[in-house]
Each structure stands twice: as C-alpha cells, then as structure tokens.
Amino acid sequence: QVQLVESGGGLVQPGGSLRLSCAASGIAFSNYHMSWYRQAPGKQRWLVASITTTGSTNYADSVKGRFTISRDNAKGTVYLQMNTLKPEDTAVYYCNAVTLRANYWGQGTQVTVSS
C-alpha cells in the first residue's frame, strides 16, 4: 500500500519559518519525481516546488529564494523548508510522487501564516 504522509504544518507569524516533511512508503522512492503543491480555499492547486530523481529542483516564482525542496532517498522523505513566510503562503500543502506509470498524493498539511 502506497502512503505519502505530510507533517510539519501549523500556524506561524509572518516572517517565520516552517519545515514540511513527506514520508513515503510502498514505493521505490528514489525512482520518483517529488513535488509540493498547495491549494488555498476556493483556488486551484498549483505547483510550489519539485525535485527530480537526480536532485534538480524547480520553484514557482513566488517562492524562489524563500523555499527550498530537498530529498533523502535513504529515508524516503522529501522536505520543504519555508522561510520568510507571508500571509499569501497560507494553504494546504500536498506532497506528490510521480513516475511515467504512477501518480500519488498525500492527504495534505495545513500551513497558516497570520499574526
């Protein structure tokens, strides 16, 4: 059974930091392209950051320089370090694992940036 379990979300003040984790099980993690998406209330889900099997990264313009995606293949975990958080970063953050033949999602973790 494939599971992607996100953790690390919560309430943080503007300018603060959070580190999200997504632990994968049931898949050959190192073979998967991993991404973080987010979805705010009433809006579509969109890509925040991604990391390939070889470690190449890509970021949405709105988070470049503030967020960092990384992966630990030995632990089967992908991370999203979020710094200098803004109220507009408030959303549910989802982990995604994809290959040519498979596409899996986590259940999401809420991030709220508010004073």
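Note that residues are indexed from 1 along each chain, following the sequence as it is written. Local features in this predicted model are restricted to residues whose pLDDT is 70 or higher, and side-chain atom pairs enter the listing and the counts only when it is 80 or higher, whereas totals over whole chains, interfaces and linings include all residues. Heavy atoms throughout the structure, all of them, feed into the side-chain values; hydrogens and water do not.

Engineer: For this particular structure, what's the right way to read the overall build of the protein chain?
Structural biologist: A run of DSSP states H or I qualifies as a helix once it reaches four residues; a run of E qualifies as a strand once it reaches two. Both are numbered from the N-terminal end. Of regular secondary structure, the protein chain possesses zero helices and 11 strands. From first element to last, N terminus to C terminus, the protein chain shows the α and β order β-β-β-β-β-β-β-β-β-β-β. Think of it in three bands: residues with accessible area under 20% of the maximum for their type are buried, residues over 50% are exposed, and the middle band is partly exposed, with areas taken using a 1.4 Å probe on protein chains only. Within the protein chain, the fraction of its 115 residues that count as buried is 43%. Contact criterion: two residues are considered in contact whenever any of their non-hydrogen atoms come within 4.5 Å of each other. Long-range contacts, defined here as pairs at least 24 residues apart, represent 53% of the contacts in the protein chain between residues at least 6 apart. Computed over 10 positive and 5 negative side-chain charges, the separation of the two mean positions in the protein chain equals 4 Å. Counted charges follow a simple rule, with Lys and Arg positive, Asp and Glu negative, and His plus the chain ends left uncounted. For charged residues, the charge sits on one atom: NZ in Lys, CZ in Arg, CG in Asp, CD in Glu.

Engineer: Would you take a moment to explain unusual backbone geometry for this structure?
Structural biologist: Only a minority of non-glycine residues have a phi that is not negative, and only a minority of peptide bonds are not trans. A positive phi is found at T84, a non-glycine position, where the angle reads about 45 degrees. Residue T84 is classed as partly exposed on the basis of its relative accessible area of 45%.

Engineer: Would you take a moment to explain the packing of aromatic side chains for this structure?
Structural biologist: The description of two aromatic rings rests on the distance between their centres and on the angle between their planes. Pairing of aromatic rings covers Phe, Tyr and the six-membered ring of Trp, with a centre-to-centre limit of 6.5 Å; geometry is then stacked below 30 degrees between planes, edge-to-face above 60, and tilted otherwise. Counting across every chain of the model gives two aromatic pairs. An angle of 40 degrees between the planes, with centres 6.2 Å apart, marks the rings of Y32 and Y104 as tilted. Here Y104 lies in strand β10 (residues 103-105) and Y32 lies in the loop between β3 (18-25) and β4 (33-39), a separation of 72 residues in the sequence. Its relative accessible area of 10% is what places Y32 among the buried residues. If you follow R19 out to its NZ or CZ, it ends over the ring of Y79, 4.0 Å from the centre. Working rule: Lys NZ or Arg CZ, within 6 Å of ring centre, within 35 degrees of ring normal, means a charge sits over the ring. In this structure, R45 packs its charged tip against the face of Y94, placed 3.6 Å from the ring centre.

Engineer: What is the right way to look at the sheet that holds strand β7 (residues 67-72) in this model?
Structural biologist: Strand pairing in a sheet relies on backbone hydrogen bonds. The paired strands run either parallel or antiparallel. Sheet architecture is open: four strands sit in the order β1-β3-β8-β7, paired in antiparallel fashion. Where the open sheet ends on each side, the last strands, each with one partner, are β1 (3-7) and β7. Neighbouring strand axes in the sheet, compared pairwise and without regard to direction, differ in orientation by 15 degrees on average. Strand pairing is assigned whenever DSSP identifies at least 2 bridges connecting the two strands. Note: β7 against strand β8 (residues 77-82), six bridges, orientation antiparallel. Fitted lines through C-alpha atoms give the axes, limited to the stretch in contact for helices. The angle between two N-to-C directions lies from 0 to 180 degrees.

Engineer: Just checking my understanding: could you explain the environment of R71 for this structure?
Structural biologist: By the element assignment, R71 lies in strand β7. Considering only alpha carbons, one finds R71 and F29, 42 residues apart in sequence, at a separation of 9.7 Å. Excluding residues that lie within four positions of it along the chain, R71 makes contacts with F29, S30, Y32, H33, M34, I51, T52, T53, T77 and V78. Two N or O atoms form a polar contact when they lie within 3.5 Å of each other; inside protein one atom must be a possible hydrogen donor and the other a possible acceptor, and for residues adjacent in sequence the pair counts only when both atoms belong to side chains. A distance of 2.9 Å separates a polar side-chain atom of R71 from the backbone oxygen of F29. Here N73 takes part through its side chain, which lies 2.9 Å from a polar atom of the side chain of R71.

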